[in-house]
Amino acid sequence: MLLELKNVVKKFGGITALSDISFQVEKGDIFGIIGPNGAGKTTIFNMITGVYPVTSGDVLFNGQSICGKKTFEIIDGGIARTFQNIRLFANMTVLEHILVGHHCRMKTGLLGSLLHTASMKKEEAEAVEEAHKLLQYVGLDDVADHLATELPYGKQRKLEIARAMAAHPQIILLDEPAAGMNDSETAALIDLIRGIRDQFGITIILIEHDMNLVMTLCNRLIVVNFGRMLAEGAPADVQNNPAVIEAYLGKEDE
Amino acid sequence: MNVFSQQLINGLTLGSAYAVIAIGYTLVFGVLNIVNMAHGGIFMVGAYIGLLLVTEAGMGIFPALIGAMIGGAVLGYLLELFALRPLRRRKVTHLAPLISTIGVSIFLESVALLVWGPQTRSFPSTISSELMDMGAFKISGIQIVSLGTAVVLMVLLALMLNKTKIGKAVRATSENIETAGLLGINTGLIITFTVMLASALGAAAGVLIGLSFNAIEPTMGTAMGFKGLAVLIMGGLGNVEGAMAGGFILGIAEVFSVAYGASTYRDAVAFGLIILILFLRPEGLFSKAGKGGRP
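Focus: the overall build of chain B
Thought 1: Counting its secondary structure elements, chain B contains eleven helices and two strands.
Thought 2: Written out in order from the N terminus, the α and β elements of chain B read α-α-α-α-β-β-α-α-α-α-α-α-α.
Thought 3: Expected size for 295 residues packed as a compact globule is a radius of gyration near 19 Å; at 19 Å, chain B falls within 12% of this value.
Thought 4: Taken along its principal axes, the extent of the C-alpha atoms in chain B is 60 × 45 × 35 Å.

Structure follows, in structure tokens:
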């Protein structure tokens, strides 16, 4: 089991944002989290990455609890993510974004970085080379020296994914990767996500509203509504689940 | 002799020291979104450390400068540990660290008064203050040291921020601390490092200003602190290039207002210029959209 949430509860003051969320993600899964807006999907990502502490319950990564760990320690441990609203740095180039994403995998410490040691120069050079390879893979190498915020929207989304990949994670959490994309961009995204899983061996957990993408890509998914789990299973099973249909479309007899 | 080019050199020398002070403010503002009011105090202590290393330990000016920077970094570490970190943990308002750093600044000034006394001290005249004729202008040994050191420090800082791993981490943290954390950057460590770096630069500026004006006293941090603040705002909050340019603009404006007949109004002219710039560009000279004055 790569990642497991056990009875996770999150309360903000008196409001219960998530109650009793439990699911398991296996290595090699493309795991979906769907549900209406405000259901608590992004809160689940924030629990996993340690942005908020869990109120009760546990999050296990490779069998070990990661609750209470600092965010950077969790990323260091092998979980990377992207954001619902694109969060790129306005003053950095595309290449620099990848290097920042790679930050936690570099060994040079504070002192080495300041003193500009030979091993540090070598490591920096290797990081740049690897960053170019990664950019080539996602098709952004021709704009490596552009400011990230100058890129068209679809490429900014790709860059966020590439930045997450640069951390060499075991899992990438994608928060609405297809948001705002047209059909052909979404189709390319589906291929990209599959490739990340197949060629890099990275497990994917994604939040998405685009049902076509979810049903095509995910091998398993959960449905969340009002902070509770409505259903869990393969896409086809979930699609026919009456509780899910009700949550999305309303009750038939009303 | 050409008055204009002469004053330009004088202004650049003064401005380079202002720029180094303002960079310290802007670095800390970038990662923490607070104005570090203790920066002037650290600047003053840095000047004293440099002075004592020259007079008591008999060091040359460059070893003394490095010693002052190390002392400044240590002070920065203590500042972060005792005045900033405990407040950050409790997630209090942005006003609280403003007050706590003012407290540190008063504390440093009082300690300096107690230990070194209120009298003005100056560097021994080991460095030639004699003017060398360069044709269009004359420049003294002190000016060469001061301007040269400031420029070297700024170039090194720019290289570090743009070319090294830690520099990129500082920039990422500065733009968005939460995102930086979610990319695996230890933002707590980066904050400590940045405050130490800023304080080392502040201490270096203290030595440079102490050299140029030949006057080191416990209250020197207050006036200089306000000028640094003005440059911080003029250059755009959290913007390093802006702080550099702003420092030079303020220095040149001050020197020129003295040279062309308004020596009584030296500060009024300089700050009037800043007000004018802020009328035209309220977000600061170099600020880009996104990171404004508020987090």
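What to know about the interface of chain A and chain B
How big an interface is tends to be stated in terms of the accessible area lost upon association of its parts.
Thought 1: The interface of chain A with chain B comprises 28 residues on the first partner and 22 residues on the second.
Thought 2: When the buried area of chain A at its contact with chain B is split by residue, Phe 72, Phe 89 and His 103 of chain A rank highest and sum to 24% of it.
Thought 3: Taken together, the links from chain A to chain B amount to two salt bridges.
Thought 4: Seen at the junction of chain A and chain B, the total is six residue pairs in polar contact (both at pLDDT 80 or more).
Thought 5: Sorting the residues of the side of chain A that touches chain B by element identifies α2 (71-77), α3 (94-102), α4 (110-115) and α5 (118-138) of chain A as the ones contributing at least two each.

Focus: the nonpolar core
Thought 1: Residues Ile 23, Leu 27, Leu 32, Phe 123 and Leu 157 of chain B are the most contacted members of the largest nonpolar core, which totals 87 residues.
Thought 2: Excluding anything up to four places from it in sequence, Ile 23 of chain B contacts Met 154, Leu 157, Leu 201, Val 240, Ala 243 and Met 244 of chain B.
Thought 3: In this structure, Leu 151, Met 181, Leu 192 and Ile 202 of chain A belong to the second largest nonpolar core, which totals 49 residues.

Some points on the pairing of strand β10 (residues 228-233) of chain A
All names here are of chain A.
Thought 1: Examined bridge by bridge, strand β9 (residues 220-225) and β10 share five bridges and lie antiparallel to one another. Residue pairing across strands places Leu 221 opposite Gly 233, the latter belonging to β10.
Thought 2: Once β9 ends, the chain turns through two residues before running back antiparallel as β10, passing Phe 226 with a positive phi of about 50°.

Looking at the confidence of the model for chain B
All names here are of chain B.
Thought 1: In this model, chain B carries a mean pLDDT of 87, and residues with pLDDT of at least 70 account for 95%.
Thought 2: The least confident element of chain B is strand β1 (residues 131-133), whose mean pLDDT is 73; the most confident is helix α2 (residues 39-55), at 95.
Thought 3: For residues 289-295, every residue scores under 50 in pLDDT, and the model assigns this stretch nine contacts once sequence neighbours within four places are set aside.

What about the environment of Thr 149 of chain A?
Residue and element names in this part refer to chain A.
Thought 1: Mapped onto the secondary structure, Thr 149 falls in the loop between α5 and α6 (153-165).
Thought 2: When the C-alpha positions of Thr 149 and Asp 183 are compared, they lie 23 Å apart, and in sequence the two are 34 residues distant.
Thought 3: Thr 149 has contacts with Ala 90 and Gln 156, leaving out every residue within four places of it along the chain.

Examining the pattern of salt bridges
Where charged atoms from two side chains of opposite charge come close, those side chains can pair.
Residues and elements named next belong to chain A.
Thought 1: For the structure shown, the criterion picks out eleven salt bridges over all chains.
Thought 2: Here Arg 163 and Glu 160 are joined by a salt bridge, their closest N and O atoms 3.4 Å apart. Here Arg 163 pairs with Glu 160, and both are found in helix α6, just three residues apart, close to one helical turn.
Thought 3: One salt bridge in this structure joins Glu 232 and Arg 220, with 3.4 Å as the shortest N-O distance. A residue pair is termed long-range when its members are at least 10 positions apart, and Glu 232 in strand β10 and Arg 220 in strand β9 qualify at twelve residues.

Some thoughts on the environment of Arg 87 of chain A
Thought 1: With respect to the helices, strands and loops of the structure, Arg 87 of chain A is situated in the loop between β6 (79-81) and α3.
Thought 2: For Arg 87 of chain A, a relative accessible area of 24% corresponds to the partly exposed category.
Thought 3: Between the alpha carbons of Arg 87 of chain A and Gln 156 of chain A there is a distance of 9.1 Å; along the sequence they are 69 residues apart.
Thought 4: Among all residues touching Arg 87 of chain A, those that are not within four sequence positions of it are Glu 160 and Arg 163 of chain A together with Asn 176, Glu 178, Thr 179 and Leu 182 of chain B.

As for the domain arrangement of chain A
Residue and element names in this part refer to chain A.
Thought 1: Under the domain assignment, chain A is made up of domain 1 (3-78 + 169-249) and domain 2 (89-157).
Thought 2: In this structure, domain 1 and domain 2 have C-alpha centres spaced 27 Å apart.
Thought 3: Taken together, the 15 residues of domain 1 in the interface contact seven residues of domain 2.
Thought 4: Taken over both partners, the interface formed by domain 1 and domain 2 buries close to 800 Å², and the fraction arising from carbon and sulfur atoms is 56%.

Thoughts on the sheet that holds strand β7 (residues 171-175) of chain A
Residue and element names in this part refer to chain A.
Thought 1: Reading across the sheet, the six strands line up as β6-β7-β8-β3-β9-β10 and stay open at both edges, with mixed pairing between neighbours. Strand pairing shows two members of the sheet lacking a second neighbour, β6 and β10, which therefore form its edges. Averaged over all pairs of adjacent strands, the angle between their axes in this sheet comes to 20°, without regard to strand direction.
Thought 2: Strand direction decides the pairing type here: strand β3 (residues 30-34) and β9, joined by four bridges, are parallel. Bridge pairing in β9 places Ile 34 opposite Val 223.
Thought 3: Most of the contacts of α6 go to β7, to which it runs at about 155°, and overall it touches β6 and β7.
Thought 4: Here helix α7 (residues 183-200) sits on the sheet and contacts β3, β7 and β8 (203-207); the angle it forms with β8, its principal contact strand, is near 150°.

Analysis parameters
Residues numbered from 1 in each chain as written. Chains lettered and ligands numbered in written order. Predicted model: local features only at pLDDT ≥ 70, side-chain atom pairs only at ≥ 80, totals over all residues. Heavy atoms only, no water. Helix = DSSP H or I, 4+ residues; strand = E, 2+ residues; numbered from the N terminus. Rg over C-alpha atoms; globule rule 2.2 N^0.38 Å. Contact = heavy atoms within 4.5 Å. Buried area = accessible area lost by both parts, 1.4 Å probe. Salt bridge = Lys/Arg side-chain N within 4 Å of Asp/Glu carboxyl O. Polar contact = N/O pair within 3.5 Å; in protein donor to acceptor, adjacent residues only side chain to side chain. Core = buried A, V, L, I, M, F, W, Y, C linked by side-chain atoms within 4.5 Å. Buried < 20%, exposed > 50% of the residue type's maximum accessible area, 1.4 Å probe, protein only. Pairing = 2+ DSSP bridges. pLDDT = per-residue confidence, 0-100. Domains from an automatic or database assignment. Axes fitted to C-alpha atoms, helices over the stretch in contact; angles between N-to-C directions.

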